[in-house]
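Observations on the model geometry
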Amino acid sequence: MDTRFDQVYTHPENEIFRVVFYPDRIYHARYLTATRSSRYRYYVAEVRNSADGTAIKGDVFLGGTKLCPMLRLEYSGIRLVEQAREFGRRLGPRTKAWVRITGDDPEKTAEATVTLHWDPVIAAYTAEIWGTLEAPEGTPHDHRVLPLMGRDAPITRVPALSPLLGEISEVAMAFREDGVLYPTGQRLGNPQWDNAYLRSHQEPRTQEPSSPQNTVEDKNYLLDFQRGFFIPDASQIKPVNYRNAMTDEGNPDRRNDNIVQMRWLFQRELGSDLVFFHEVTVPPGAVEGTHRHIGSEEVYYVVSGTGLAYMSDGDDPTTAGYPLVERQVFGIGPVKCRELPVRPGSVIYTKSGGVHGIRNPGDQPLKFVAFLYHTT
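Description of the structure in this document. Here the structure is a predicted model, which means the values were calculated and not measured.

Some thoughts on the overall build of the protein
Check the secondary structure of the protein and you find four helices and 23 strands. With the principal axes as the frame, the protein shows a C-alpha extent of 80 × 55 × 40 Å. For the protein, the proportion of its 376 residues judged to be buried stands at 49%. Counting contacts in the protein only where the partners sit at least 6 residues apart, residues at least 24 apart contribute 65% of the total. In the form shown here, the protein has an accessible surface area of approximately 19200 Å², with 51% of it arising from carbon and sulfur atoms.

Below is the structure:
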């Protein structure tokens, strides 16, 4: 293992950047399943997470010798708890994970269903998928770890996934109840899923405004192990067109030619609770409807053009001096809002419960970038 990074990231001159340099393996390698025995060591290569799920890829060593590649899954279960509670149930000691691995060659994929076990040490459901459970000849497994190995065990081997464990580029995951009611053992006929709820992503498959062809249903969480992304010219990415975005029937801003463009730059590539980063173009005379965020937060940063933004009265007390107007808020009705002039460099930050929207009354396109994430 290369330790050069470990030796420099704590230097005083780098202290301010410690949050950037935090190495995944220092935390995770202490709490993985086989570390009940000092004979096992993990090399954690990389970690990715999305909402409640985490994927850790690396290698397992036994007695100082590399045993095999491994993939560890961790799932806190917060969203699945809410799904089960709607049916008067609670989660038991096990859940299931549907897993799809993509290798370095995107044509090479494999999928399987894996049993996750509650681990009180990290307060999450976990499973470790090893390339092999066979110990090298003459080096038996430790008696404290051996009982944790096997089919549907905390340490398991999944034949369909094994060939790709050493070359993982993406992991897609969805989680469901175990299928057995806890603690009675009764079989469930309708186990609930946490498959990112209604999560989808947008692709410019057609330029027809608001076409359903542009919405791709994913129904899983994607953990992308690519380490960086470079877009030489974002303007070359085709936008998706939306007619009357965030406007209800009866809204005076709603009309057939009210079309805004969204150039989707990053969506499922983002980790954690991040949802998207995109560029929005509001043509002259067009409007992105005023709407309320519930359970999400969004940042607008204006990069070109001028226009008028709207925030609900009181969302930001410093806007009290701006004109007070009534706006039709999507799905809610009329709300008193502050009308705010925006230009390049203007920022609108809306937290959960806040209201915002934007209009372009000018003769030049108004462009801003938007960054949205779920609150926890």
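Focus on the environment of Val-302
Structurally, Val-302 is set in strand β17 (residues 296-304). Assessed through its relative accessible area of 1%, Val-302 is described here as buried. Distance from Val-302 to Ile-348, taken between C-alpha atoms, is 8.6 Å for residues 46 residues apart in sequence. Once residues within four sequence positions are removed from consideration, Val-302 is found in contact with Val-342, Arg-343, Pro-344, Gly-345, Ser-346, Leu-366, Lys-367 and Phe-368.

Describing the sheet that holds strand β18 (residues 307-312)
Spatial strand order, β16-β22-β18-β20-β19: five strands in an open sheet with antiparallel pairing. Because the sheet does not close on itself, it has two edges, and the strands there are β16 (287-292) and β19 (324-329). Between one strand and the next, the sheet's axes are offset by a mean angle of 30°, whatever the strand orientation.

Looking at the nonpolar core
Looking at soluble globular proteins, one finds that nonpolar side chains tend to be buried together. In this structure, Leu-71, Leu-73, Ile-101, Leu-116, Ile-129 and Val-171 are the most contacted members of the largest nonpolar core, which totals 30 residues. The set of elements that each furnish at least two residues to this core consists of β3 (65-75), α4 (78-85), β4 (94-103), β5 (109-119), β6 (124-130), β8 (168-177) and β12 (221-224). Ignoring any residue separated from it by four or fewer positions in sequence, one finds Leu-71 in contact with Ala-55, Ile-56, Lys-57, Ile-101, Ala-127, Glu-128, Ile-129, Leu-165, Ile-168 and Val-171.

Points about α4
For an α-helix, the turn length of 3.6 residues means that residues three or four places apart are oriented alike. All of the buried residues in α4 are Arg-79, Leu-80, Gln-83 and Ala-84. On an axial view of α4, the arc spanned by its buried residues comes to 135°, and they lie on one face. In this structure, α4 carries Ile-78 and Arg-85 as exposed residues pointing more than 90 degrees from its buried face.

A closer look at the packing of aromatic side chains
For any pair of aromatic rings, the description rests on two quantities: the centre-to-centre distance and the angle between the ring planes. The final tally for this structure, using the stated rule, is eight aromatic pairs. The interplanar angle of 10° and the centroid separation of 3.8 Å between the aromatic rings of Tyr-75 and Phe-175 together place this pair among those described as stacked. With Tyr-75 in strand β3 and Phe-175 in strand β8, the pair connects residues that are 100 residues apart, well separated along the chain. Accessibility classification places Tyr-75 together with Phe-175 in one group, the buried group. Here a set of aromatic residues connected by ring pairs shows up, and it is made of Tyr-75, Phe-175 and Tyr-221. Looking at Arg-327, its charged tip hangs above the ring of Tyr-310, at a distance of 4.1 Å from the centre.

What counts, and at which threshold
- Residues numbered from 1 in each chain as written.
- Predicted model: local features only at pLDDT ≥ 70, side-chain atom pairs only at ≥ 80, totals over all residues.
- Heavy atoms only, no water.
- Helix = DSSP H or I, 4+ residues; strand = E, 2+ residues; numbered from the N terminus.
- Buried < 20%, exposed > 50% of the residue type's maximum accessible area, 1.4 Å probe, protein only.
- Contact = heavy atoms within 4.5 Å.
- Areas by Shrake-Rupley, 256 points an atom, 1.4 Å probe, with all protein chains shown as cover.
- Pairing = 2+ DSSP bridges.
- Axes fitted to C-alpha atoms, helices over the stretch in contact; angles between N-to-C directions.
- Core = buried A, V, L, I, M, F, W, Y, C linked by side-chain atoms within 4.5 Å.
- Arc of directions from axis to C-beta.
- Phe/Tyr/Trp six-rings, centres within 6.5 Å; stacked < 30°, edge-to-face > 60°.
- Lys NZ or Arg CZ within 6 Å of the ring centre and 35° of its normal.

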